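Coordinates in review
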Amino acid sequence: MKETKPGRQAGRKAFLDVLKGRESARRPIWMMRQAGRYLPEYRDVRKQAGSFLALCGDPKLASEVTLQPLRRFDLDAAIIFADILLLPKALGQKLEFQEGEGPVLEPVSDSSSVAALSSSGAMAELEPVFDALDRVSGELPPHVTLIGFCGAPWTVATYMIAGHGTIDQRPAREAAYRGEPWFEKLIDLLVETSVEYLIRQVGAGAEVLQVFDTWAGVLSDTLYDRWCIAPTRDIVRQVKASCPGVPIIGFPRGSGLRYQKFVSQTGVDAVSLDWSVPLDWARQELQPMVPVQGNLDPIVLAAGGPALASETQRILDGLSSGRHIFNLGHGILPDTPISHVEGLIAQIRDLESAASSARSKTG
Ligand code: CP3
């Protein structure tokens, strides 16, 4: 890693500075799914582990892949290599990842299957994640912040109930509309165990937490308040009671206008935006409340060319008057060329050094 980038001060973490409302040395950058299949070194380690789940369960290898993107790119954060579905697995639900198919779980869809889940041994099952966090925090460069995470109860429940990814999350939405008592019990269990999981991640070295609600956008407005906002608010409140200084970022993907009430009602410290959010609106309505993170379309990063440069510039211009963390609007795609990621980061950093040298000439 290059150690002479402008704006880098030993021991100062730009990402944490922005989240805590302090002056920051530079605009922080990280990317959702920054460790993953687009990196050949990731594919090597994954092969060595034998499977994705074996990789998540091996703290030495999981910490290695967490650090891989930082060796290539000038990033401000590392996100622990794990998955939102490790929690249902720790609760006793059978989980497999099938090549090309994604996750496959034994569906939870009635009161007896929810009653069969158990939180009692869950944290012990998740020990490899805590161990990996501990290892990574001992190896991080001082300017890099370590992120822990969990899935939001709603999004995790969509997979637990359907048993796999669906295009419309219909099984979970039907359970919610029917007011199934087992659905409410499942969400309560996920709130309770996610709180414990996040607190333990902080104990193991996580400095910031992100809650991924990938499927928030499919909820009708009534369901949104009840199953996106309320569980997230409960998690934020309880985690903050134990870890008051640790910023929590919410990512309720696809929330549209509801990003605003999501921020004001959940108490998150920052919000991650998908690529559809208009920047003028984000600048006027969201940035005065909290720092915003995002929101480059992962498909334009894969496509590259002039569109990548102009979309990047549009985001930098649109959000630079407020608190901003550069990120994608969702996870990086496996076929993204590494050269596009390098170009993206160079574009952001070059612009920053041009601005700071202009400042030092005038000041
Ligand atoms: O961001 C990171 O680099 C940290 C690691 C991370 C993974 N999953 C690794 C992963 C994080 C933060 C997640 C979150 C996650 N997992 C979400 C929320 C964010 C999002 O992307 O929507 C969701 C919904 C999941 C569940 C999940 N995991 C699915 C649906 C799949 C299959 C689809 C896919 O991308 O393959 C996964 C697998 C997964 N999780 C991979 C990685 C690197 C690919 C596994 C492989 O190596 O084959």
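For the structure, check the block above.
Let me begin by describing the structure that accompanies this report. (Residues numbered from 1 in each chain as written. Predicted model: local features only at pLDDT ≥ 70, side-chain atom pairs only at ≥ 80, totals over all residues. Heavy atoms only, no water.)

**Brief notes about helix 14 (residues 279-286)**
- Among the residues of helix 14, L279, W281, A282 and L286 are the ones counted as buried. Taken around the axis of helix 14, the buried residues stretch over an arc of 155°, which confines them to a single face. (Buried < 20%, exposed > 50% of the residue type's maximum accessible area, 1.4 Å probe, protein only. Helix = DSSP H or I, 4+ residues; strand = E, 2+ residues; numbered from the N terminus. Arc of directions from axis to C-beta.)

**A closer look at the site of the ligand**
- In the neighbourhood of the ligand, 22 residues make up the surrounding shell, with R33, Y42, R46, D83 and H330 lying closest.
- Side-chain polar atom of T214 to an oxygen atom of the ligand: 2.8 Å apart, as the coordinates give it.
- Protein burial of the ligand: of its 860 Å² of free accessible surface, 88% is covered by the chains.
- Because more than half of its atoms lie within 2 Å of the grid, the ligand is assigned to the largest pocket.
- Listing elements by their share of the shell around the ligand, those giving two or more residues are helix 2 (40-49) and strand 3 (102-105).
- Looking at the shell around the ligand residue by residue, the classes come out as 14 nonpolar, four polar and four charged. (Near = heavy atom within 4 Å. Polar contact = N/O pair within 3.5 Å; in protein donor to acceptor, adjacent residues only side chain to side chain. Areas by Shrake-Rupley, 256 points an atom, 1.4 Å probe, with all protein chains shown as cover. 1 Å grid on protein atoms, 1.4 Å probe; cavity = no way out; pocket = protein on both sides within 12 Å on 5 of 7 lines; lining within 4 Å. Sits in = over half its atoms within 2 Å of the grid points. Nonpolar A, V, L, I, M, F, W, Y, C, P; charged D, E, K, R; others polar.)

**A closer look at the side chain of T232**
- Structurally, the position occupied by T232 is in helix 12 (residues 221-242).
- There is a polar contact of 2.8 Å between the side chain of T232 and the backbone oxygen of C228.

**Re the environment of A78**
- Within the secondary structure layout, A78 lies in strand 1 (residues 77-79).
- It is 6.2 Å that separates the C-alpha atoms of A78 and T145, two residues lying 67 residues apart in sequence.
- With residues up to four places along the chain from it excluded, the contact list for A78 reads Q34, T66, L70, L140, V144, T145, L146 and I147. (Contact = heavy atoms within 4.5 Å.)

**Here's the deal with the pattern of salt bridges**
- Inspection of every chain in the model, using the stated rule, returns 24 salt bridges.
- R71 serves as the salt-bridge partner of E64, at 3.0 Å between the closest nitrogen and oxygen.
- A salt bridge links E311 to R314, with the nearest nitrogen and oxygen atoms 3.1 Å apart. Here E311 and its partner R314 are both found in helix 16 (residues 305-319), three residues apart, which amounts to about one turn of the helix.
- Look at E311 and you get partly exposed, because its relative accessible area is 25%. (Salt bridge = Lys/Arg side-chain N within 4 Å of Asp/Glu carboxyl O.)

**Focus on the sheet that holds strand 5 (residues 208-213)**
- Read from one edge of the open sheet, seven strands run 1-4-5-6-7-8-9, paired in parallel fashion. Lying at the two open borders of the sheet, with one neighbouring strand each, are strand 1 and strand 9 (324-328). Across the sheet, the mean angle separating the axes of adjacent strands is 25° when strand polarity is ignored.
- Pairing of strand 7 (residues 270-272) with strand 8 (residues 292-296) involves two bridges; the strand directions are parallel. Across the sheet, the residue bridging to V271 is V292, located in strand 8.
- Relative to strand 8, helix 16 is tilted by about 160°, and along the sheet it contacts strand 8 and strand 9. (Pairing = 2+ DSSP bridges. Axes fitted to C-alpha atoms, helices over the stretch in contact; angles between N-to-C directions.)

**Here's the deal with the nonpolar core**
- Counting residues in hydrophobic clusters, the biggest one holds 127 residues, and the most contacted among them are F15, M31, L126, F183, L186, L296 and L301.
- The element best represented in this core is helix 11 (residues 181-203), accounting for eleven residues.
- In this structure, L296 is in contact with W275, L301, L308, E311, T312, I315, F326, N327, L328, G329 and L344, ignoring residues within four places of it in sequence. (Core = buried A, V, L, I, M, F, W, Y, C linked by side-chain atoms within 4.5 Å.)

**Some remarks on the packing of helix 2 against helix 4 (residues 59-72)**
- Their axes nearest at 10 Å, the elements helix 2 and helix 4 cross at an angle of 170°. Here helix 2 lies roughly antiparallel to helix 4, going by the angle between them. Residue-level inspection shows P40, E41, Y42, V45, Q48 and A49 of helix 2 in contact with helix 4, the latter providing L61, E64, V65, Q68 and R72.
- Of the residues assigned to the contact of helix 2 with helix 4, the class counts are six nonpolar, two polar and three charged. (Parallel < 35°, antiparallel > 145°, perpendicular 65-115°, else oblique.)

**Some thoughts on the packing of aromatic side chains**
- Here the structure, examined in full by the defined rule, presents eight aromatic pairs.
- Taking the centre distance of 4.7 Å and the plane angle of 80° together, the rings of F183 and W227 count as edge-to-face. Here F183 is found in helix 11, whereas its partner W227 is found in helix 12, with 44 residues between them in sequence. Accessibility assignment for this pair places F183 and W227 in one class, buried.
- Here the aromatic cluster, defined as three or more aromatic residues joined through ring pairs, consists of Y42, F52, F81 and F97.
- For R226, the ring lying beneath its charged end belongs to W227, and the centroid distance is 4.0 Å. (Phe/Tyr/Trp six-rings, centres within 6.5 Å; stacked < 30°, edge-to-face > 60°. Lys NZ or Arg CZ within 6 Å of the ring centre and 35° of its normal.)

**Description of the pairing of strand 8**
- Among the five residues that make up strand 8, five are buried, leaving the element largely enclosed by the rest of the structure.
- Between the parallel pair strand 7 and strand 8, the chain is carried across by helix 14, and the sense of this crossover is right-handed.
- Note that strand 8 and strand 9 share five bridges and pair parallel. Along strand 9, the bridge assignment pairs G294 with F326. (Right-handed = clockwise from strand over helix to strand, strands pointing away.)

**Section: helix 12**
- In this model helix 12 runs 31 Å from its N-terminal to its C-terminal C-alpha over 22 residues, within 8% of the 32 Å that 1.5 Å per residue would give.
- Where helix 12 bends most, at I229, the angle is about 30°, and the proline P231 comes one to four residues later.
- Turning to helix 12, its buried residues are L223, Y224, W227, C228, I229, A230, P231, T232, I235, V236 and V239.
- Those residues of helix 12 that are buried are in contact with helix 9 (153-162), helix 10 (170-178), helix 11, strand 5, strand 6 (248-252) and helix 13 (259-266). (Expected span 1.5 Å × (residues − 1). Bend = angle between axes of the 7 residues up to and from the residue.)

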